[in-house]
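Structure assessment
Here is what each chain is made of, one letter per residue.
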Amino acid sequence: MPPPWPPPPSGSPTTSSASVAVGRNDDTRSNDNDARVSPAPILDLLDGFRKSAVLFTAVRLGVLDVLASAPEPVDGSGDRGAAGLDLAEVLSGLRARHGGSGGGPAEFSADAVARLLRAAAALGLVEVFGAGRVARGHGGGDEGKAIGGGAGGSDGIIELDNENLGENEDDDAGVRFALTPVAREFLVSTAPQSLAGYVAHSEATIQPLFLALPHAVRTGGTAWEAAFKVSAPVPADAAAAAATGKTTADAPAGTAFGSLYATPEARARFLRAMHSHATLFAPAVAAAFDLSFVRAAPAGGPPAVVDVGGGTAALALELVRRWPHLRRGGGSSVAVLDLPGVVAEVRAAGFPLRVADDGNAEVTLIEGDFFAELPRPAAQLYVLSRILHDWDDAACGRILARVAAALRSRVAGGAEPDGDGAVLIAETLLNEYDGEEAGGGRWRAGPERAVMQDLNMLVQTGGRERTARQYGRLLRGAGFRGRVLVRRTGAYLDAILAFLD
């Protein structure tokens, strides 16, 4: 079947998908009337949800966990003997993992599992080898002989060998499957930096919300009601609860936190997702600025650093690792403040709270609510990681004002000199609309991860991602008058360090 677009005439210039990106401002198409724009970027976008479905299915069914039990491949050659699992072994592992309704093994389609594994191989999650195949995919270009000059023929045409087609051949016979290094590192549920929890959260929560994106775009509100048919209203102003004395724990079921924290099971699933995500960006945030100015608190005293809404303490623990001066006898100068239910879940689930090479350096957990007054005596540094993007500007102003008030109480009490108190904000920064970042006055959309996360906030919480200048205005409005330092880390989250005076 011919492609849905004609190839360019021989010898005519072409425009690659690398130089023409859909919807971007860096379109470098030639003015040549013969230049053709490839639809490849559009087709790739259309395939996006299919690729996600492969990832979701492989993680949810435990396919990657089953493959993790196999011997690892040792080199890049084709046939590697007993490494990996053959299809029968993968099926056996899946059946044993899931079980049947009567306690027996669950049934899986051998053909469908093989096709899923081939798709996972094409996406770089699985290696396929053995029986003459080569790593990461079936087929080594051995379908037939080339017609014309050059590899594969000058026109990319091959001629099948009719004498070697096989008779009802099982194309998966002798094939073995193994995890690629990236899948083993980040998608096996027991891996230290596993993103499996975040994948599960993305499938169960974020994907349905994004399918309801048209509703959010029309109304400007979240997509919970459209996606999950919840009956509770979703307030347009997420700060309304705080203004009326409500806290995040009292959020209606139709809001993000009311739904994500609705049951202990839901809260545990969400915290696992956030923890797996946080372990990846925490090192970049902890190293973004020189935090040696923070003075370690004495043993038994209040913490010097408080990660507000810090959940499972992944970032707080990384701060202790990165800045050893914050360790103190019998604990550390770093604490996490979060809702009572979250603190209880973190303790019950056994999330790590101690530095591996120093069992005495432990992050402290404090019950509280960032819409209420922060505990006193106050800390010298407050951390807001992935907090402000959940809320609208009014709510962000209230949160930052609470932090500023706490920092000012230390100055008023003589606990520290003026200018030493600060807040560390970790968020995904949008590009600015003008100036140097905009390429000479033109807005450069992105970064891609930031604009996608911005839509995630639209459908999920009613919040938004922001530019550095927008955060600067929020900080100034909340009473921060000192230096504001911005670092684009190159990781998922960027960092802003703002001093009170």
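Structural notes, computed from the coordinates. (Residues numbered from 1 in each chain as written. Predicted model: local features only at pLDDT ≥ 70, side-chain atom pairs only at ≥ 80, totals over all residues. Heavy atoms only, no water.)

Here's the deal with the pairing of strand E2 (residues 126–129)
- Neither face of E2 is exposed, since Val126 and Val128 on one face and Glu127 and Phe129 on the opposite face are all buried.
- Pairing analysis gives four bridges linking E2 to strand E5 (residues 176–179), with the strands arranged antiparallel. Along E5, the bridge assignment pairs Glu127 with Ala178. (Buried < 20%, exposed > 50% of the residue type's maximum accessible area, 1.4 Å probe, protein only. Helix = DSSP H or I, 4+ residues; strand = E, 2+ residues; numbered from the N terminus. Pairing = 2+ DSSP bridges.)

Describing a nonpolar patch on the surface
- The grouping of Ile42, Leu43, Leu45 and Leu46 at the surface amounts to a nonpolar patch, some 370 Å² of accessible area in total.
- Mapping Leu45 onto the fold places it in helix H1 (residues 40–60).
- The class for Leu45 is exposed, based on a relative accessible area of 58%. (Patch = residues over 30% accessible without salt bridge, like charges linked within 9 Å, V, L, I, M, F, W, Y side chains within 5 Å. Areas by Shrake-Rupley, 256 points an atom, 1.4 Å probe, with all protein chains shown as cover. Salt bridge = Lys/Arg side-chain N within 4 Å of Asp/Glu carboxyl O.)

Some points on the side chain of Asp338
- One can find Asp338 in strand E9 (residues 334–338).
- A polar atom in the side chain of Asp338 sits 2.9 Å from the backbone nitrogen of Gly311.
- Among residues more than four places away in sequence, those in contact with Asp338 are Gly309, Gly310, Gly311, Val343, Ile366, Glu367 and Gly368. (Polar contact = N/O pair within 3.5 Å; in protein donor to acceptor, adjacent residues only side chain to side chain. Contact = heavy atoms within 4.5 Å.)

Brief notes about the packing of aromatic side chains
- Scanning all chains against the criterion turns up five aromatic pairs.
- Ring plane angle 50 degrees and centroid distance 5.2 Å describe the contact between Phe293 and Phe499, whose orientation is recorded as tilted. Placement of Phe293 in the loop between helix H11 (264–286) and strand E6 (305–308) and of Phe499 in strand E16 (residues 494–499) is noted, with a sequence separation of 206 residues between them.
- Taking relative accessible area as the criterion, Phe499 reaches 6% and is therefore assigned buried.
- Across the ring face of Trp323, the terminal group of Arg322 is positioned such that the distance to the ring centre comes to 4.7 Å.
- A cation sits over an aromatic face here: Arg483 above Phe499, 4.7 Å from the ring centre. (Phe/Tyr/Trp six-rings, centres within 6.5 Å; stacked < 30°, edge-to-face > 60°. Lys NZ or Arg CZ within 6 Å of the ring centre and 35° of its normal.)

What about the pattern of salt bridges?
- Scanning all chains against the criterion turns up 15 salt bridges.
- Salt-bridge contacts for Arg97 lead to Asp65; the nearest nitrogen and oxygen are separated by 3.1 Å. Residue Arg97 is found in helix H3 (residues 87–98), and its partner Asp65 is found in helix H2 (residues 63–68); the two are separated by 32 residues along the sequence.
- Taking the relative accessible area as the measure of exposure, Arg97 reaches 45% and is therefore partly exposed.
- Connected through salt bridges with shared partners, the residues Arg449, Arg488 and Asp494 form a single ionic network.

Some thoughts on the sheet that holds strand E12 (residues 364–367)
- Taking strand neighbours across the sheet as the criterion, the seven strands line up as E12-E9-E6-E13-E14-E16-E15 in an open arrangement whose pairing is mixed. Two strands in the sheet have a free side with no partner beyond their single neighbour: E12 and strand E15 (484–487). Sheet twist, expressed as the mean angle between neighbouring strand axes with direction ignored, is 20 degrees.
- Relative to strand E14 (residues 422–427), strand E13 (residues 381–385) is paired through five bridges, and the arrangement is parallel. Its bridge partner lying in E14, Ser385 is registered against Ala426. (Axes fitted to C-alpha atoms, helices over the stretch in contact; angles between N-to-C directions.)

Observations regarding the sheet that holds E5
- Spatially, the three strands line up as an open sheet ordered E1-E5-E2, and their pairing is antiparallel. Strands with a single pairing partner mark the edges of an open sheet, and in this sheet they are strand E1 (85–86) and E2.

A short note on the packing of H11 against helix H12 (residues 314–322)
- Contact geometry for H11 and H12: axes closest at 8 Å, N-to-C directions at 35 degrees. You can see that H11 and H12 cross each other, and the crossing is right-handed. In this structure, H11 contributes His275, Ala278, Thr279, Ala282, Pro283, Val285 and Ala286 to the contact, and H12 contributes Ala314, Leu315, Glu318, Leu319 and Arg322. (Left-handed = near helix turned anticlockwise from the far one by under 90°.)

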